[in-house]
Amino acid sequence: MADLPDVPTLLDTAVTALGGSRRDGQSTMAAAVADSVDRREHLVVQAGTGTGKSLAYLVPAIRRAMEKDTTVVISTATIALQNQLIDRDLPRLAQALKPLLRREPTFAVLKGRRNYLCRNRLHTAADDSDEAELFDPRQLSSLGKQVARLHEWAEETTTGDRDELVPGVTDLAWRQVSVAANECMGARICPFGQECFAEFAREEAKGVDVVVTNHAMLSIDMTQGNHILPEHDTIMIDEAHELVDRATSVATGTLAERTVTVAAKRAGRLIEPVLAERLTEAGEGLALMFADAPEGRIDHIDDALAGAVSVVRDAAAACVTAIGPSPGEQEAEAASERRLALAALTEVHDTAVRVLESFEPALRDRTDVVWLTKIPGRRPTLSVAPLAVGGLLREKLFGDRTVVLTSATLTLGGSFSALARQWGLGREVTQEAAERAAAPPPAEGAEGSEGDEDGPHRAAGEPRWRALDVGSPFDHARSGILYVAAHLPPPGRDGLSPAYLDEITELIEAADGRTLGLFSSMRAAQQAADELRERLDHPLLCQGEDSTGQLVRRFSEDENACLFGTLSLWQGVDVPGPSLSLVIVDRIPFPRPDDPLASARQRSVAAHGGNGFLSVAATHAALLLAQGTGRLLRSTDDRGVIAVLDPRLATARYGGFLRASLPPYWGTTDPEVARSALRRLSGRTAPAA
């Protein structure tokens, strides 16, 4: 379809059909996305809230897919955005563009296999209580009821997608009726292979113009080489600021007594009992070592713990050897049991190997970090995670396709470089890009199209990329005040001080409710909620008292309500209008000093001559602070105050870096200025002339 309308024409048609209005930032972004795809050059785009960035990448994505008869992948971090794209944006956009494209664009959603109900597992769940036996009778009773409900739901659902099950079930219950990719026996031999929901989803994704997935799925596709996603040469990554954390999570291995016990139980059905019992005993020995070991990052593993991990490794390897190669044709039940056992054993074995090997290099040269987690009421867990995922992303993500990364928050300290380094990108193309912009793009298949000087890579192997900030439709300096409570003492470790609680009370009273309180810990959020309920007449909601969705709905419907929560709320609240005019942040959200991964990364940067605090801790804080404060302005009519109670934002040397990571709000440290503005917004005093 070489005669397709250009991107500006398609975008104007879409905006008009959807009842919107032209936005300069949206048009600029759409043109840049189209240009980067044509030139096979990666693009990083910061597009503030209200820009309409979804349309700005969806329109070029659809045009690219239809022009080249290929699939374009869209990856998101949150279920909310994924559902918005699939349920609202893409259906409306497809209808709007159909008259110009001769056929209606097609799209599908694709998630990991674990997200879909497995009919075979559903029918064997009652006999397969590997994990259930490790829980107390009350949990088992609840588990049984949930699994029974899943049986009923299986007769109704057409997708088997966990996200469509309302209300949901616990992870333990869902694991009884689902399998990971490495546990699946394959549709060819599965008795329910012709009714497999995961296979239906993969088939539906074949040949469509746009496939919507998530960062975790994208990371699995990259790291495991499963080629779960359809063939594609272009990816649009929305919520790109979350990519590193999601990729790190996928690359993290865990070892615990429970995982070892489950693997032993599954193996025990297939091999000599003595070998399975040896693995069970190895798991028990590991638990004894965990009991004596201190919680936190492990820089040097002692002989006792190393020995316990080695015994687990060897016992798991012996079980794998005993199961042996596939005997060929098997009954479905036997094939399923074998696959489940091997998956569990391999995970235990490989994680144990990885833990032991991580300590072999000198501390300065290690690429993995290991830590022990102890949570009251839960069994200890040993984790191993990569110090960085930039190398993985550079090779597996940016290596052979064009990638557009976008978010409302990508510049930290006024620069794209912090996140670019985490993604594995080198230096941004600047003058070089300007010189090439005047030249026509290379023809497909022509010299240079596969990664030389005219392709997406530099000669040294660095991905070629450009950055663009299309701004925001908001006039931040006129719409929002950034108030830093410089007169307060620095935050302490023993919860919120009386001075902080007094400050919060005065601000909420001035705002007449309408407050989103974002706290650095759940303990602080609960403390504030408990104590302020005694002082205020306003309805006060706190995270954990109901589902987040229900809390946000109640908050948005009651203009005088307040909602308190912690970091997980920071990206889940979108409340435009009068229900939100004050965002309170209790402290700069640095990672905890004892956070094993953040502290190891900080130390590694410093060991190689960098500024570990600025590169890791301050960057982490800047990103979360920008995301949290971004909850205030969600439409061009919104007005309000962001109150950061931590005085270090105004007084510390790194405060300038953090403030430069925020939009250009009008700033003040005068509490009366902030309270007066809030009173005017709430209508409690006459606006100034």
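The coordinates are above.
The following paragraphs examine the structure supplied in this document. Here the structure is a predicted model, which is why all the values come from computation and not from measurement. (Residues numbered from 1 in each chain as written. Predicted model: local features only at pLDDT ≥ 70, side-chain atom pairs only at ≥ 80, totals over all residues. Heavy atoms only, no water.)

Looking at the overall build of the protein chain
Phase 1 of the analysis: Counting its regular elements, the protein chain contains 26 helices and 18 strands.
Phase 2 of the analysis: Relative to a compact globule of 689 residues, whose C-alpha radius of gyration would be 26 Å, the protein chain shows 27 Å and is just as compact.
Phase 3 of the analysis: Projected onto the principal axes, the alpha-carbon positions of the protein chain cover approximately 85 × 65 × 55 Å.
Phase 4 of the analysis: Taking all 689 residues of the protein chain together, 51% fall into the buried category.
Phase 5 of the analysis: A fraction of 78% describes how many contacts in the protein chain between residues 6 or more apart in sequence connect residues 24 or more apart.
Phase 6 of the analysis: Here the protein chain has roughly 30500 Å² of accessible surface; of this, 49% comes from carbon and sulfur atoms.
Phase 7 of the analysis: Counting 73 positive and 97 negative side-chain charges, the protein chain places the averaged centre of each group 3 Å from the other. (Helix = DSSP H or I, 4+ residues; strand = E, 2+ residues; numbered from the N terminus. Rg over C-alpha atoms; globule rule 2.2 N^0.38 Å. Buried < 20%, exposed > 50% of the residue type's maximum accessible area, 1.4 Å probe, protein only. Contact = heavy atoms within 4.5 Å. Areas by Shrake-Rupley, 256 points an atom, 1.4 Å probe, with all protein chains shown as cover. Lys, Arg positive; Asp, Glu negative; His and termini not counted. Charge placed at Lys NZ, Arg CZ, Asp CG, Glu CD.)

Looking at the sheet that holds strand E15 (residues 562-565)
Phase 1 of the analysis: One open sheet accounts for seven strands, arranged E14-E15-E13-E16-E17-E12-E18; its pairing is parallel. Unpaired on one side and paired on the other, strand E14 (540-542) and strand E18 (666-668) mark the two borders of the sheet. The sheet shows a mean angle of 15° between the axes of neighbouring strands, taken without regard to direction.
Phase 2 of the analysis: Bridge analysis of strand E12 (residues 480-484) against strand E17 (residues 640-644) gives five bridges, and the strand direction is parallel. Following the sheet pairing, Tyr483 is matched in E17 by Ala643. (Pairing = 2+ DSSP bridges. Axes fitted to C-alpha atoms, helices over the stretch in contact; angles between N-to-C directions.)

Observations concerning the sheet that holds strand E6 (residues 253-255)
Phase 1 of the analysis: Ordered by their spatial adjacency, four strands build an open sheet running E6-E9-E8-E7, and the pairing between neighbours is antiparallel. Each having just a single partner strand, E6 and strand E7 (296-298) make up the two edges of the open sheet. Neighbour-to-neighbour, the strand axes of the sheet open up by a mean angle of 30°, direction not taken into account.
Phase 2 of the analysis: In terms of strand pairing, strand E8 (residues 368-373) meets strand E9 (residues 381-386) through six bridges, oriented antiparallel. The residue of E9 that forms the bridge with Asp368 is Pro386.

Description of the packing of helix H3 (residues 53-68) against helix H4 (residues 79-101)
Phase 1 of the analysis: H4 packs onto H3 with a crossing angle of 55° between their chain directions and a minimal axis gap of 11 Å. Our classification of the angle between H3 and H4 gives oblique. The two elements H3 and H4 cross, and the hand of that crossing is right-handed. Touching Ser54, Leu55, Tyr57, Leu58, Val59, Ile62 and Met66 of H3 are Leu81, Gln84, Leu85, Asp89, Leu90, Leu93, Leu97 and Leu101, all from H4.
Phase 2 of the analysis: Tallied by class, the residues present in the contact of H3 with H4 amount to 12 nonpolar, two polar and one charged. (Parallel < 35°, antiparallel > 145°, perpendicular 65-115°, else oblique. Left-handed = near helix turned anticlockwise from the far one by under 90°. Nonpolar A, V, L, I, M, F, W, Y, C, P; charged D, E, K, R; others polar.)

Some details on the pairing of E9
Phase 1 of the analysis: For E9, the buried fraction is high: five of the six residues fall into the buried class.
Phase 2 of the analysis: Judged from the three bridges that link them, E6 and E9 form a sheet pairing that is antiparallel. In the sheet register, Thr254 faces E9, and the bridge partner there is Ser383.

Some words on unusual backbone geometry
Phase 1 of the analysis: Following Val166, the chain continues into Pro167 via a peptide bond in cis, with omega recorded as -10°.
Phase 2 of the analysis: Turning to its location among the elements, Pro167 is positioned in the loop between helix H6 (137-154) and helix H7 (171-175).
Phase 3 of the analysis: Here the phi dihedral of Arg40 falls at roughly 55°; this positive angle occurs in a residue that is not glycine.
Phase 4 of the analysis: In this structure, Arg102 is a non-glycine residue whose phi angle is positive, near 75°.

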